[in-house]
Amino acid sequence: MLRLLEGWIKSALLEIQEYARLQSATVRGCVTRPFYFRDVVEQFEQIGIGSLTVVLLTGFFTGAVLALQTGITLDQFGARPFVGRLISASMIKELGPVLTGLMLAGRVGSGIAAELGSMVVTDQINALRTLGTDPVRKLVVPRVLAGVFMAPVLTVVANTVGIIGGWLIAVFQLRVASSLYWTSVIEGLYLEDAWMGLIKPFCLGFAIVTIGCHVGLRTHGGTQGVGRATTNAVVASSVAVIAVDFFVTRLLITLLY
Amino acid sequence: MGFAAQRSASLEEGLGAGSPVLIFDKVSLAFDDKVILKDISFTVIVGHTKIILGASGSGKSTILKLVLGLLRPDEGIIWVNGERVDQMTEQQMMKVRADLGMVFQEGALFDSLTVAENVGYKLYEETDMPTDQVHRRVEEVLGFIGLGEYSDRMPSELSGGQRRRVAIARAMAAKPRILLYDEPTTGLDPITATTVDDEIIKLRDFENVSSILVTHQLRDAFYVATHEAVRRDDGVLQIVPADPEKSEEAEFIMLKDGGVAFEGYAAELRASSDAYLKTFLS
Ligand SMILES: Nc1ncnc2c1ncn2[C@@H]1O[C@H](COP(=O)(O)OP(=O)(O)OP(=O)(O)O)[C@@H](O)[C@H]1O
Ligand SMILES: [Mg+2]
């Protein structure tokens, strides 16, 4: 029993050490040459454009359902006209970043783990190294850059369509005047919130992609291993989204407000 | 076009004809508690072929990965091209790999790139060679292995034998002085296997490439050892049986239980009376 625990702790520590090493190698790869520019562009497209549909849909329906639910609650206080304020505040500070993060974990985190994992088990990573390419620079750096910069962009997109979704419900279902909704949305926006809404997805994007890469590159055990790695990547990066969100929120509240 | 890696004059002289380009000295490696290689020693001479035989799981691929620095030995010393590689960092190893080409067991082609991009990968991405020159070299190499018209295909659209040949083309594109082949003919029909063997012979005899050939296809091993490539008077390349002296440029080693069970030439291997060798040969 004790041995089992010891073995478990040892492998957990090893995993953390390897993850930290990958992160530092990635940062080094971002600031030194060689730099694979074409792969970076390709990944921006893959991760950014490719995730647009899912982010648009999630954002829209989240805003809409938020309007429905808060409409009922606000009615109890006769505050229905303030629905815009609630939607903009909660979308921008919390729901936009977290839901976009979760969607990216499902789509991007798993995709990266599966792709890198199958490259490991078919010796393609070894082939890269043999041909003189550092896999971290060639594969990890472009994905991390794309994740870190596209996550905030996608979050802004999700926020925007979320607020639009809320507006549709507010106007057609709750019968709130359109102008009232929009003034209320603007009133609900503070500069601090905007900062929080942009810094969070930055950190979430980094966590999702680095976890996907780490899990993918440590794949072993053939095709079965690739399946395992994909599942692990989704689970780990989803949990990381929620956890990182909490810690970043905690930190930003101290710093910004 | 010259070779991939530049060498100083003295190193060039030191690695001239008859000298070893690759040395394993008492190399041992274990995965966890399982000993895979134990005190393995051998050398590969410039322009010669070392043919490694052995049952499945005997550590043949592992030896090639040690040469490339993809794995590190637990004990022992490995020299490649006059440099000691067993203690090198990944970054130092990149310089040594510039002069090495590897044909992986399953080909390991990049499946997101076309055949031409695979073959030219190293030249495109890791050298300053102008693009049109790279194109010419890719065409040349694809012509060499007879897959010229396949350059825009994806690897998934190729047959197993074609993939193997593309893998050879990729390994030789940057003109390395040492080529490592990991079971390049396993699973191929005898005709295709012979074309692959012919490529190996041509590279050895016309480009003076030193090589390690891992296989458990004895037919191919003996074929490579006992044939040579010659250019006829009308310029056509031909593969012909080699004289006995030439076939001593190919040496066999047989791995068994982590050690070397046999070391010698084709003729000696055929004549051996060792029981294990006999079962392996029959
Ligand atoms: N990463 C690894 N972790 C643990 N064991 C490994 C690893 N790679 C290889 N092995 C073990 O090392 C032994 C030798 O493997 P290797 O791939 O060198 O065999 P091989 O001689 O090339 O066999 P084959 O002819 O089937 O290709 C095998 O028993 C294998 O199980
Ligand atoms: Mg093998």
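Model, not experiment: these values are computed from the prediction. (Residues numbered from 1 in each chain as written. Chains lettered and ligands numbered in written order. Predicted model: local features only at pLDDT ≥ 70, side-chain atom pairs only at ≥ 80, totals over all residues. Heavy atoms only, no water.)

Enquirer: Please give an account of the sheet that holds strand β7 (residues 178-182) of chain B that cites residues and values.
Expert: All names here are of chain B. Strand order in the open sheet made by the 6 strands is β6-β7-β8-β3-β11-β12, with mixed pairing throughout. The two strands at the open ends of the sheet, each matched to only one other strand, are β6 (100-103) and β12 (259-264). Direction aside, neighbouring strands of the sheet carry axes that sit 15 degrees apart on average. Relative to β12, strand β11 (residues 250-256) runs antiparallel, the two being bridged by 5 bridges. (Pairing = 2+ DSSP bridges. Helix = DSSP H or I, 4+ residues; strand = E, 2+ residues; numbered from the N terminus. Axes fitted to C-alpha atoms, helices over the stretch in contact; angles between N-to-C directions.)

Enquirer: Break down the pattern of salt bridges for me, with residues and values.
Expert: Residue and element names in this part refer to chain B. Under the counting rule described, the total for this entry stands at 29 salt bridges over all chains. Between E183 and K60 there is a salt bridge, with its nearest N and O atoms 3.8 Å apart. In this pair, E183 is assigned in the loop between β7 and α8 (190-207) and K60 in helix α2 (residues 60-68), connecting sequence segments 123 residues apart. Judged on exposure class, the residue E183 and its partner K60 are both buried. (Salt bridge = Lys/Arg side-chain N within 4 Å of Asp/Glu carboxyl O. Buried < 20%, exposed > 50% of the residue type's maximum accessible area, 1.4 Å probe, protein only.)

Enquirer: Would you mind going over the interface of chain A and chain B in detail, with residue names and values included?
Expert: Taken together, the contacts link 17 residues of chain A with 18 residues of chain B. Between chain A and chain B, roughly 1,600 Å² of surface is buried when both sides are summed, and carbon and sulfur atoms account for 53% of that area. Area buried by chain A at its contact with chain B is led by A:R129, A:T130 and A:L131, which between them contribute 41% of it. Our count for the contact surface shared by chain A and chain B stands at 4 salt bridges. In this structure, the salt-bridge partner of A:D123 is B:K65, at a minimum N-O distance of 3.7 Å. Sorting the residues of the side of chain A that touches chain B by element identifies α2 (37-49) and α5 (124-130) of chain A as the ones contributing at least two each. (Contact = heavy atoms within 4.5 Å. Buried area = accessible area lost by both parts, 1.4 Å probe.)

Enquirer: An account of the coordination of the magnesium ion (ligand 2) is needed here, citing residue identities and associated values.
Expert: All names here are of chain B. The magnesium ion (ligand 2) binds to the protein through S61 (OG) and Q105 (OE1), with metal-donor distances spanning 1.9 to 2.4 Å. With S61 in helix α2 and Q105 in the loop between β6 and α4 (115-119), this pair connects stretches of sequence that are 44 residues apart. On the accessibility criterion, S61 (19% relative accessible area) is buried. (Donors = N, O, S within 2.8 Å, 3.2 Å for Na, K, Ca; no water.)

Enquirer: Give a description of the packing of aromatic side chains that names residues and reports values.
Expert: When we look at a pair of aromatic rings, we describe it by the centre distance and by the angle of the planes. All names here are of chain A. Tallying each qualifying case throughout the model produces 8 aromatic pairs over all chains. Ring geometry for F149 versus F202: centroids 5.9 Å apart, planes at 85 degrees, classification edge-to-face. Separated by 53 residues along the polypeptide, F149 in helix α6 (residues 135-172) and F202 in helix α8 (residues 191-217) bring together distant segments of the chain. With relative accessibility at 39%, the residue F202 sits in the partly exposed group. (Phe/Tyr/Trp six-rings, centres within 6.5 Å; stacked < 30°, edge-to-face > 60°.)

Enquirer: I'd love a proper account of the confidence of the model for chain B, names of residues and values included.
Expert: Per-residue pLDDT for chain B averages 87, and the proportion of residues at 70 or more is 98%. As scored by the predictor, the complex reaches a pTM of 0.90 and an ipTM of 0.89. (pLDDT = per-residue confidence, 0-100.)

Enquirer: Let's hear about the layout of surface pockets: which residues, and what values?
Expert: Of the volumes computed, that of the second largest pocket is approximately 510 Å³. What lines the second largest pocket is a set of 18 residues, and nearest its centre among them are A:D39, A:E42, A:K138, B:S112 and B:L113. Of all the secondary structure elements, the ones that give two or more residues to the lining of the second largest pocket are α2, α4 (83-121) and α6 of chain A together with α5 (121-126) of chain B. When residues of the lining of the second largest pocket are assigned to their parent elements, the largest contribution, 5 residues, is made by α2(A). (1 Å grid on protein atoms, 1.4 Å probe; cavity = no way out; pocket = protein on both sides within 12 Å on 5 of 7 lines; lining within 4 Å. Points joined across faces, edges and corners; volume = space filled by probe spheres on them.)

Enquirer: Give a description of unusual backbone geometry that names residues and reports values.
Expert: Geometrically, the link from A:R33 to A:P34 is a cis peptide bond, its omega value of -5 degrees lying close to zero. Counting through the fold element by element, A:P34 comes out in the loop between α1 (2-31) and α2. Although it is not a glycine, B:N81 adopts a positive phi angle of roughly 50 degrees. With respect to the element layout, B:N81 can be found in the loop between β4 (75-80) and β5 (83-84). A relative accessible area of 6% means that B:N81 is categorised as buried.

Enquirer: Go over the site of ligand 1, please, and point to the residues and values.
Expert: All names here are of chain B. With respect to spatial proximity, 14 residues lie near ligand 1, and among them S56, K60, S61, T62 and Q105 are the closest. Within the side chain of Q105, an N or O atom sits 2.7 Å from an oxygen atom of ligand 1. In the complex, the protein chains occlude 62% of the 640 Å² of accessible area that ligand 1 would expose alone. Elements with a contribution of two residues or more to the shell around ligand 1: β2 (34-45) and α2. Looking at the shell around ligand 1 residue by residue, the class counts come to 3 nonpolar, 8 polar and 3 charged. (Near = heavy atom within 4 Å. Polar contact = N/O pair within 3.5 Å; in protein donor to acceptor, adjacent residues only side chain to side chain. Areas by Shrake-Rupley, 256 points an atom, 1.4 Å probe, with all protein chains shown as cover. Nonpolar A, V, L, I, M, F, W, Y, C, P; charged D, E, K, R; others polar.)

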